[in-house]
Amino acid sequence: MAKEYQFPEGFWWGSATSATQMEGAANEGGKGKNIWDYWYETEPNRFFENIGPEQTSDFYHRYKDDIKLMSQIGHNTFRMSLSWSRLIPNGRGEVNEEAVTFYNNVIDELIANDIEPFVNLYHFDMPLNMQQEGGWESREVTDAYAEYAQICFRLFGDRVTKWFTFNEPIVPVEGGYLYDFHYPNVVDASRAAQVAYHTMIAHAKAVEAFRDCEIKDGKIGIILNLTPSYPRSQNPADLRASRIADLFFNRSFLDPAVLGEYPEELISILREHGQLPKTEAGDKELIQANTADILGVNYYQPRRVKAKEHLPNPYSPFMPDWFFDNYEMPGRKMNPYRGWEIYEKGIYDIMINLKDNYGNIESFISENGMGVQDENRFIENGEIQDDYRIEFIREHLKWLHKAIEEGCNAKGYHLWTFIDNWSWMNAYKNRYGFISMDVETKERKTKKSAYWFKKVSENNGF
Ligand code: GAL
């Protein structure tokens, strides 16, 4: 049957998750604590319905059945992350053999099911010990991270060829150092800039270590949440607002990771406001020499901005938001179950930008998805009828398809996420999975969208 949207041969169909959100067993198997375990212990009330990360999806014990499910719903690829504090409980030093066995088993099981593992090294989960040394504010922690990365390449690089240094590295900067939604709950832009900068240094050191390991057919990249900044209008003031939002939230990582250098305008804004991070001789060369081979793109919603309406309070802490206000476009399409705008064309705009301005780097959609609260209200005949999710995926895929037809180098699509998982402060508030999970019993049930996706994967289009 002729399909309207046929994707290139070998297209990656699958989903993504992270260690903390999926594994559970937070205090088992010799795992050390990370900042999420610690923050939950000290402030459980900050988490939706007081649910913490101890159990999450219990993938640690159920990975075999879960991987079978992945294969049943058409996955040919799956992105997971390794937990740094599981593998190296203190962040540096001794490697935990139980963790090595666990990750070996998961990787082998995926491969046995014809699912290629994509492995990410860091998904918001700083080992507590490293945080106590200053986290990404500390230059030494970037060395510890590079050692951890090298250990991972050596342990698993014989079977894993797609590697990623970080998932959404801007998010811990925003959450932990600007807007108070991640530990350590600091509000300080110059510390935020240092954290962002050191994350990039850590990335470059890991890429350098990767090149030394000479993994056959190996590729290494980074996963960024690229959120196009759309100006309210073409008025120069609105255009400036959107350009600066783009500098802070997209280009702060995209430019150094792909082009090997920071945007001049970002540097000059930070300089003007006294927020530049500390650097060391040789950093420029390090970043330049270690750009990404492949880029994962996470896309959920656009950012709409307009020129600032009021001057910022001069006594308030310096913030990126000093340069723009958020803009609610009248008539925007909403996901009413989550409060986010849905703008499918954003995926196309991102890809065209990568083609035109970033050397058309090999990329894929590494996260896209729709969070919905109380999905059980959509159960019919025992199955969640998540037609809204099918529509969401389909409409995004159409735009991705158009981008590919126009020459964009996109190789796959991963939904966030495989199974409803623990989403940081939101815990289980919004459900994103192909598979639902009962938080108490951990019982899994396949949603309608999973069966739809299986067909899309089998037909390589729709
Ligand atoms: C992303 C993040 C994921 C997940 C998702 C849905 O930004 O990478 O960890 O939480 O949002 O909320």
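Predicted, not measured: the structure shown is a model, and the values here were computed from it.

Draft legend 1. Focus on the sheet that holds strand β5 (residues 219–225). Ordered in space as β1-β2-β3-β4-β5-β7-β12-β15, the eight strands form a closed barrel in which the pairing is parallel. Along the sheet, successive strands turn relative to each other by an average axial angle of 30°, direction set aside. Pairing geometry for strand β2 (residues 77–81) and strand β3 (residues 116–120), over five bridges, is parallel. The partner of T77 across the bridge, within β3, is E116. Across the sheet, helix α5 (residues 97–112) lies against β2 and β3, angled at about 170° from β2, the strand it touches most.

Draft legend 2. Region of the structure containing the side chain of D349. Its location among the elements puts D349 in helix α13 (residues 345–357). Accessibility expressed as a relative area gives 19% for D349, which makes it buried.

Draft legend 3. Looking closely at the environment of Q275. Relative to the helices and strands, Q275 is located in the loop between α11 (264–272) and α12 (283–289). Discounting chain neighbours no more than four positions away, the residues touching Q275 are A189, S190, A193, L270 and F318. Here H273 takes part through its backbone oxygen, which lies 3.1 Å from a polar atom of the side chain of Q275.

Draft legend 4. Looking closely at the site of the ligand. Taken together, Q21, H123, F124, N167, E168, Y300, E367, W416, S423, W424 and Y432 are the residues near the ligand. Between an oxygen atom of the ligand and a side-chain N or O atom of H123, the distance comes to 2.8 Å. At a separation of 3.0 Å, an oxygen atom of the ligand approaches a polar side-chain atom of E367. The cavity that encloses the ligand is the largest pocket. Its residues assigned to classes, the shell around the ligand shows five nonpolar, four polar and two charged.

Draft legend 5. Representation of the nonpolar core in the model. If you look at the biggest cluster of nonpolar residues, it comprises 132 residues, and the most contacted ones within it are W84 and W163. Per element, the largest residue contribution to this core is 13 residues, and it comes from helix α9 (residues 189–213). With residues up to four places along the chain from it excluded, the contact list for W163 reads L82, V119, L121, C152, F153, F156, G157, F210, I215, K219, I220 and G221. Formed by seven residues, the second largest nonpolar core is a distinct cluster that contains I342, V372, I384 and Y388.

Draft legend 6. View of helix α8 (residues 170–177). Burial analysis of α8 places eight of its eight residues in the buried class, the great majority of the element. Every buried residue of α8 is accounted for by I170, V171, P172, V173, E174, G175, G176 and Y177. Tucked inside the fold, the buried residues of α8 contact α6 (128–132), α9, β5 and α10 (236–259).

Draft legend 7. Quick peek at the packing of aromatic side chains. Using the criterion set out here, one finds 55 aromatic pairs in the structure. On the numbers, 5.3 Å between centres and 80° between planes, the contact of F7 with W13 is edge-to-face. In this pair, the class of F7 matches that of W13, namely buried. Their ring planes at 80° and their centres at 5.8 Å tell us that Y63 and F102 sit as a pair that is edge-to-face. On the criterion of sequence distance, the pair formed by Y63 in helix α3 (residues 59–72) and F102 in helix α5 is long-range, its members being 39 residues apart. Following the ring pairs from residue to residue traces out a cluster consisting of W36, W39, Y40, F47, F124, W422 and W424. In this structure, R303 is placed above the aromatic ring of F249, and the distance from its NZ or CZ to the ring centre is 4.0 Å. R338 extends its terminal NZ or CZ atom over the ring of W340, reaching a point 3.8 Å from the ring centre.

Draft legend 8. The sheet that holds strand β6 (residues 229–231), seen in detail. Strand order in the open sheet formed by three strands is β6-β8-β9, and the pairing between neighbours is mixed. The open sheet has two edge strands, β6 and β9 (325–326), and neither has a second partner. In this sheet, strand β8 (residues 303–306) lies alongside β6 in parallel orientation, the contact comprising three bridges. Pairing of P231 across the sheet is with V305, part of β8. Sheet strands touched by α10: β6 and β8. Its angle to β6, the strand with the most contacts, is close to 175°.

Draft legend 9. Looking closely at the pairing of strand β1 (residues 12–16). Of all the five residues making up β1, five are buried; the element is thus mostly covered by neighbouring parts of the structure. As paired elements, β1 and strand β15 (residues 410–415) share four bridges and run parallel to each other. Along β15, the bridge assignment pairs S15 with L415.

The rules behind these values
Residues numbered from 1 in each chain as written. Predicted model: local features only at pLDDT ≥ 70, side-chain atom pairs only at ≥ 80, totals over all residues. Heavy atoms only, no water. Pairing = 2+ DSSP bridges. Helix = DSSP H or I, 4+ residues; strand = E, 2+ residues; numbered from the N terminus. Axes fitted to C-alpha atoms, helices over the stretch in contact; angles between N-to-C directions. Contact = heavy atoms within 4.5 Å. Buried < 20%, exposed > 50% of the residue type's maximum accessible area, 1.4 Å probe, protein only. Polar contact = N/O pair within 3.5 Å; in protein donor to acceptor, adjacent residues only side chain to side chain. Near = heavy atom within 4 Å. 1 Å grid on protein atoms, 1.4 Å probe; cavity = no way out; pocket = protein on both sides within 12 Å on 5 of 7 lines; lining within 4 Å. Sits in = over half its atoms within 2 Å of the grid points. Nonpolar A, V, L, I, M, F, W, Y, C, P; charged D, E, K, R; others polar. Core = buried A, V, L, I, M, F, W, Y, C linked by side-chain atoms within 4.5 Å. Phe/Tyr/Trp six-rings, centres within 6.5 Å; stacked < 30°, edge-to-face > 60°. Lys NZ or Arg CZ within 6 Å of the ring centre and 35° of its normal.

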